[in-house]
Amino acid sequence: MGDRAGMKRLAKKVYERELLRLQAELVKLQEWVRAEGARVVVVFEGRDAAGKGSTIKRVTEYLNPRVARIVALPAPTERERSEWYFQRYVEHLPAAGEIALFDRSWYNRAGVERVMGFCTGQEYARFLHQCPIFERLLVEDGVLLRKYWFSVSDSEQENRFRSRLEDPMRRWKLSPMDLESITRWEEYSRAKDEMFVHTDIPEAPWYVVESEDKRSARINMIAHLLSTIPYHEVQRRPLDLPPRPPSKGYERTPRDMQTQVPDHAAELRD
């Protein structure tokens, strides 16, 4: 446990300036991925309320959703529970020219399923054995796999939970399962440590993101991701707006013949 209070927060102006610069680099990375036919998988794991979702949001803010896809799977169906464990994740892996961002991943089995008893001991042991093999196969096939663990203290996590409870716009982010993580803090810690022992492999190492300060965590994670991929700026064919041709007599359909959205904004104008 322990409190990491005292960590200096990154100033907002500094954060926003650097974030924008990094996001511009992410756009370059995206174009490189598309041009080179690369396949990128980024796994986001960590404590509940550690900042995974908000970091993914900043990563994808200026990216093409057809290139950079967020994969956030719900609980498995009965049919999926009968499949090979990794099977439902495989169909979401990227094809050439794509980036897949996993907002939680196959590591559910090593975390929530293990702690909450949603899998058997045999299933858990099989996962720890198969996961490194699975990831080595991905890397061997040319997939650029990056795994990030977002770490936050127990006190900061509780503060963020409380903030969500009091904010109607963010209350949906809390579930009974999230609140269980408070009472099972040490069990989750032990599960994470055991997971790292088995899955922190040279071909696909874990990178820990200290996320007590969300701004710093986002900057650090994005900067690190960019530093691990040998991308370069792709020269694109210059585009010019063509001249608009002269009118050929088209007249727009009268507005009163169409169903218009009510002008709610008019009520807000002076």
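Keep in mind that what you see is a predicted model, and the values were worked out from it rather than measured.

*Asks:* Describe the pattern of salt bridges, and please don't skip the residues or the numbers.
*Replies:* What the rule picks out here adds up to 23 salt bridges. Residue R79 pairs with E83 through a salt bridge whose shortest N-O separation is 2.7 Å. On the accessibility criterion, R79 (61% relative accessible area) is exposed. The residue R190 makes a salt bridge to E186 at a minimum N-O spacing of 3.4 Å. One end of the pair is R190 and the other is E186, both in helix α9 (residues 185-199) and four residues apart, which spans about a single turn.

*Asks:* Summarise the side chain of E135; cite the residues concerned and give the values.
*Replies:* Assignment of secondary structure puts E135 in helix α6 (residues 121-140). Engagement of the side chain of E135 in a polar contact is seen with the side chain of W106, the distance being 3.0 Å. Separated by 2.6 Å, the side chains of E135 and Y107 make a polar contact. Each residue touching E135, except ones within four places of it in the same chain, is listed here: W106, Y107, L145, K147, T199, I201 and A204.

*Asks:* Go over the sheet that holds strand β5 (residues 206-210), please, and point to the residues and values.
*Replies:* In sheet architecture, strand pairing relies on hydrogen bonds along the backbone and comes in two forms, parallel and antiparallel. As summarised here, the arrangement of the five strands in space is β2-β3-β1-β4-β5, forming an open sheet in which the pairing is parallel. The sheet terminates laterally at β2 (68-71) and β5, the two strands that pair on one side only. Here the average twist between neighbouring strands, direction ignored, is 20°. Across five bridges, strand β4 (residues 144-151) lies against β5 in parallel orientation. Among the inter-strand pairings, F150 is bridged to a residue of β5, identified as V209. Strand contacts of helix α10 (residues 214-227): β1 (39-46), β4 and β5, with the helix running at about 160° to β4, the strand carrying the most contacts.

*Asks:* Summarise the nonpolar core; cite the residues concerned and give the values.
*Replies:* Among the nonpolar cores identified, the biggest contains 30 residues, and L26, L29, V42, M221 and I222 are the most heavily contacted of them. Filtering out sequence-adjacent residues up to four positions away, L29 remains in contact with L226, I229 and Y231. Counting 27 residues, the second-largest nonpolar core is a separate cluster that includes Y85, L128, C131 and F196.

*Asks:* Explain the environment of Y85 to me, and be specific about the residues and the numbers.
*Replies:* With respect to the secondary-structure elements, Y85 resides in the loop between α3 (78-81) and α4 (87-90). Since its relative accessible area comes to 16%, Y85 is described here as buried. With residues up to four places along the chain from it excluded, the contact list for Y85 reads S105, W106, N108, R109, E113 and F127. A distance of 2.8 Å separates a polar atom in the side chain of Y85 from the backbone oxygen of W106.

*Asks:* I'd like a description of the pairing of strand β3 (residues 98-103), backed by residues and values.
*Replies:* Side chains on a regular strand alternate between the two faces of the sheet. Sheet topology places β1 next to β3; six bridges connect them, and they run parallel. The residue of β3 that forms the bridge with R39 is E98. Judged from the four bridges that link them, β2 and β3 form a sheet pairing that is parallel. Counterpart to V71 in the pairing with β3 is F102.

*Asks:* Tell me what's going on with the packing of aromatic side chains, and back it up with residues and numbers.
*Replies:* Applying the stated rule across the entire model yields 18 aromatic pairs. Measuring from ring centre to ring centre gives 5.3 Å for W84 and F86, while their planes differ by 50°; the resulting arrangement is tilted. For W84, a relative accessible area of 43% translates into the label partly exposed. Among the residues examined, F86 registers a relative accessible area of 0% and is labelled buried. For the ring pair Y148 and Y207, a centre distance of 5.8 Å and an interplane angle of 35° mean the geometry is tilted. Of this pair, Y148 sits in strand β4 while Y207 sits in strand β5, and the two are 59 residues apart along the sequence. Over the aromatic face of Y89 sits the side chain of R88, whose NZ or CZ is 5.3 Å from the ring centroid. Between the NZ or CZ atom of K192 and the centre of the ring of F196, over which it lies, the distance is 4.6 Å.

*Asks:* Can you explain α6? Please cite residues and give values.
*Replies:* For α6, spanning 20 residues, the distance from its first C-alpha to its last is 29 Å, which sits close to the expected 28 Å at 1.5 Å a residue. Along α6, the largest kink reaches about 30° and is centred on Q130; proline P132 follows within four residues of it. Regarding α6, the residues found buried are Y124, F127, L128, C131, P132, F134, E135 and L138. Buried residues along α6 sit against α4, α5 (112-116), β4 and α9. Among the residues trailing α6, G142 stands out with phi positive, at a value near 105°.

Criteria and cut-off values
- Residues numbered from 1 in each chain as written.
- Predicted model: local features only at pLDDT ≥ 70, side-chain atom pairs only at ≥ 80, totals over all residues.
- Heavy atoms only, no water.
- Salt bridge = Lys/Arg side-chain N within 4 Å of Asp/Glu carboxyl O.
- Buried < 20%, exposed > 50% of the residue type's maximum accessible area, 1.4 Å probe, protein only.
- Helix = DSSP H or I, 4+ residues; strand = E, 2+ residues; numbered from the N terminus.
- Polar contact = N/O pair within 3.5 Å; in protein donor to acceptor, adjacent residues only side chain to side chain.
- Contact = heavy atoms within 4.5 Å.
- Pairing = 2+ DSSP bridges.
- Axes fitted to C-alpha atoms, helices over the stretch in contact; angles between N-to-C directions.
- Core = buried A, V, L, I, M, F, W, Y, C linked by side-chain atoms within 4.5 Å.
- Phe/Tyr/Trp six-rings, centres within 6.5 Å; stacked < 30°, edge-to-face > 60°.
- Lys NZ or Arg CZ within 6 Å of the ring centre and 35° of its normal.
- Expected span 1.5 Å × (residues − 1).
- Bend = angle between axes of the 7 residues up to and from the residue.

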